[in-house]
Amino acid sequence: MFPGASADREEAEYVVVGAPLDVSTTFQPGARFGPERIRRFARTYDDYDARTDRHFSDLGVHDHGDVRAWDDAAEYLEYLEGVLTDVRWDDAVPLTLGGEHTVTIAGVRAVDPDVFVCLDAHLDLREEYDGNELSHATVTRHALDAADEALILGARTGSEAEYERAAEADVTVVPPESVGEWSPEFDADESVYLSVDIDGADPGFAPGTGTMEPFGLTPREMRDAVRDVADTGAVEGFDVVEVNDRDDGQAAALGGKLLREFVFADAAVADSDD
Amino acid sequence: MAKEQKEVRDLQEGNYVMIDDAACEINAYSTAKPGKHGSAKARIEAEGVFDGKKRSLSQPVDAKIWVPIINRKQGQVVSVESDDVAQVMDLETYDTITIKTPGDVSLSPDDEIEYLEMEEQRKILE
């Protein structure tokens, strides 16, 4: 169980769902260990958050456990989308723990947002990678099938074709050096899906990930971006993906912390709206 | 109520199933693979036949589940009482019944219609 995620499912405002898919990882595998590792490295975090004056265990978070993955990504995403749709139908926010970034496709389909916001080193705008249309390098392109717009924060690499796609009006790329000054501007009725690919962080901070890319974001920049997006109150689905077990816990620790930051910030907005 | 028992694995899209005591038609059916341990699970997404409400359930594929028996019948409109209520004669039994008309269907006397019936619940097919 994610530490503090002790709410009953019926009363939950947030539901953690582990999605340990690990089939298309192109370099270092191990994302299948991500969900359990994120839960493990969140154990030392205090329940109390001084900034928002709240206890995590009071925020109505439930842990559904993992949806065991198998090697047919299309079938798996269909089933996972169903599990996340059930969370939505219960009026809760799904918090998915990857697994490779491909699992975000299920989350975005379940939420059907207007805007897809992603912290990521990679554009992930490929149509296919190694002939695989459901590769983890195609996530943003799939997200744009549901969302009208994609914002990629911290992106610093992609193919020539991906950068050409990124130049179109429905994609905004904020390079790492500009993320600090970036602030979200959504229309009043727009819904948002927020995805955190841990490789958006500089690999010095989060080496436990499949495809490391230098010159990345600092943990504080990621935290501020997650808080700023959550503060809009528009986020209806969230995930942390691409954490693997090939470090001493840095990537998992950051992933778990960002999930908590999201929940604290989002819950504070929900309370102020009441 | 007329119903029969099946295993979850025998269901597919388009079938009827009882969820939360309501007759539903299955819109989506997906299964999770079981791995070496545990049993395969299916998730069913369905819509209430008579109330239009969306429902879902997740069950092991070998779980038993009730499937309602819904009759498809033919009738003839006798009179239209209002925008959403009509008198219809069952063309098999010649009984006259009062039935709610869906919002986007306009009926006139003598129109032949098809409708679903389960006990006292009825729905005109468009």
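It should be emphasised that the depicted structure is a prediction, and the values quoted were computed from it without experimental measurement.

Turning our eyes to something else, we now look at the UniProt feature "binding site: Mn(2+) 1" (unreviewed entry) in chain A. Residue and element names in this part refer to chain A. Feature annotation in UniProt places "binding site: Mn(2+) 1" (unreviewed entry) on H101, D120, H122, D197 and D199, given in this structure's numbering. In sequence the annotated residues extend across 99 residues, while in space they remain close, none of their C-alpha pairs exceeding 10.8 Å. Inspection of the secondary structure puts D120 in the loop between β6 (115-119) and α4 (139-146). Look at D120 and you get buried, because its relative accessible area is 0%. Contact partners of D120, with chain neighbours within four places excluded, come to H101, I152, L153, G154, A155, D197, D199 and G200. Among the polar contacts made by the side chain of D120, one reaches the main-chain amide nitrogen of H122 at a distance of 2.9 Å.

Below, the discussion takes up helix α7 (residues 219-231) of chain A. Given 3.6 residues per helical turn, the α-helix brings residues three or four places apart onto the same face. Residues and elements named next belong to chain A. End to end, α7 covers 18 Å across 13 residues, agreeing with the expected 18 Å (1.5 Å per residue, within 8%). Along α7, the residues that are buried comprise M222, A225, V226, R227, V229 and A230. On its buried side, α7 packs onto β6, β7 (149-153), α6 (176-179), β9 (192-197), β10 (235-241) and α8 (250-273). Once α7 finishes, G233 follows within two positions and takes phi at roughly 70 degrees, a positive value.

Looking now at the pattern of salt bridges. Residues and elements named next belong to chain A. Throughout the structure, instances matching the rule amount to 24 salt bridges over all chains. Residue R54 is joined to D271 by a salt bridge in which the shortest nitrogen-to-oxygen separation is 2.6 Å. You can see R54 sitting in strand β3 (residues 54-55) and its partner D271 sitting in helix α8, a full 217 residues away along the chain. Residue classification places D271 among the partly exposed positions, given a relative accessible area of 40%. Between R88 and E236 there is a salt bridge, with the nearest N and O atoms lying 3.1 Å from each other. One end of the pair, R88, is in helix α2 (residues 73-89); the other, E236, is in strand β10, and 148 residues separate them in sequence. On the basis of relative accessible area, R88 is assigned to the partly exposed category, the value being 24%.

Moving on to the nonpolar core. Residues and elements named next belong to chain A. Membership of the largest hydrophobic core comes to 50 residues, with the highest contact counts inside it found for V61, L95, V117, F238, L259, F262 and V263. Put simply, the parts of the chain that give this core at least two residues each are β1 (14-19), β5 (93-98), β6, β7, β9, α7, β10 and α8. When residues of this core are assigned to their parent elements, the largest contribution, eleven residues, is made by α8. Apart from the residues within four sequence positions on either side, V117 is in contact with L151, L153, F186, V192, Y193, L194, S195 and V229. Counting residues in each nonpolar core, the second largest holds 24 residues, with V15, A73, V83 and A106 among its members.

So, on to the sheet that holds β6(A). All names here are of chain A. Strands sit in the order β4-β1-β5-β10-β9-β6-β7-β8 across an open sheet of eight strands; the sheet is parallel. Only two strands of the sheet have a single neighbouring strand rather than two, namely β4 (61-66) and β8 (171-174). Strand-to-strand twist across the sheet, computed as the mean angle between neighbouring axes with direction ignored, equals 15 degrees. Across three bridges, the pairing between β5 and β10 is parallel. Looking at β10, one finds that L95 is bridged to F238.

This paragraph deals with the UniProt feature "domain: Translation initiation factor 5A C-terminal" (unreviewed entry) in chain B. Taking the numbering used here, the UniProt-annotated feature "domain: Translation initiation factor 5A C-terminal" (unreviewed entry) corresponds to residues 69-123 of chain B. Between the first and last C-alpha atoms of residues 69-123 of chain B the distance is 14 Å; the span itself is 0% helix and 60% strand.

All names here are of chain A. Running from N to C, helix α1 (residues 34-41) and α8 cross one another at 75 degrees; their axes reach a closest spacing of 8 Å. The angle between α1 and α8 falls in the class roughly perpendicular. In contact with R37, I38 and F41 of α1, α8 contributes A252, A253, G255 and G256. Class assignment for the residues of the contact of α1 with α8 results in four nonpolar, two polar and one charged.

A few words now on the interface of chain A and chain B. With ten residues of chain A at the interface, the matching set in chain B holds 15 residues. Of the roughly 990 Å² buried at the junction of chain A and chain B (both faces included), carbon and sulfur atoms supply 56%. In terms of surface lost to chain B, no three residues of chain A exceed A:R68, A:Y79 and A:W89, which account for 55% of the buried area on that side. Across the chain A-chain B interface, the total number found is two salt bridges. One salt bridge connects A:E75 with B:K33, and the closest N-O pair in it is separated by 2.7 Å. The residue makeup of the side of chain A that touches chain B, split by class, is four nonpolar, two polar and four charged.

The rules behind each value
Residues numbered from 1 in each chain as written. Chains lettered and ligands numbered in written order. Predicted model: local features only at pLDDT ≥ 70, side-chain atom pairs only at ≥ 80, totals over all residues. Heavy atoms only, no water. UniProt positions renumbered as here; feature names shortened; annotations may be inferred. Helix = DSSP H or I, 4+ residues; strand = E, 2+ residues; numbered from the N terminus. Buried < 20%, exposed > 50% of the residue type's maximum accessible area, 1.4 Å probe, protein only. Contact = heavy atoms within 4.5 Å. Polar contact = N/O pair within 3.5 Å; in protein donor to acceptor, adjacent residues only side chain to side chain. Expected span 1.5 Å × (residues − 1). Salt bridge = Lys/Arg side-chain N within 4 Å of Asp/Glu carboxyl O. Core = buried A, V, L, I, M, F, W, Y, C linked by side-chain atoms within 4.5 Å. Pairing = 2+ DSSP bridges. Axes fitted to C-alpha atoms, helices over the stretch in contact; angles between N-to-C directions. Parallel < 35°, antiparallel > 145°, perpendicular 65-115°, else oblique. Nonpolar A, V, L, I, M, F, W, Y, C, P; charged D, E, K, R; others polar. Buried area = accessible area lost by both parts, 1.4 Å probe.

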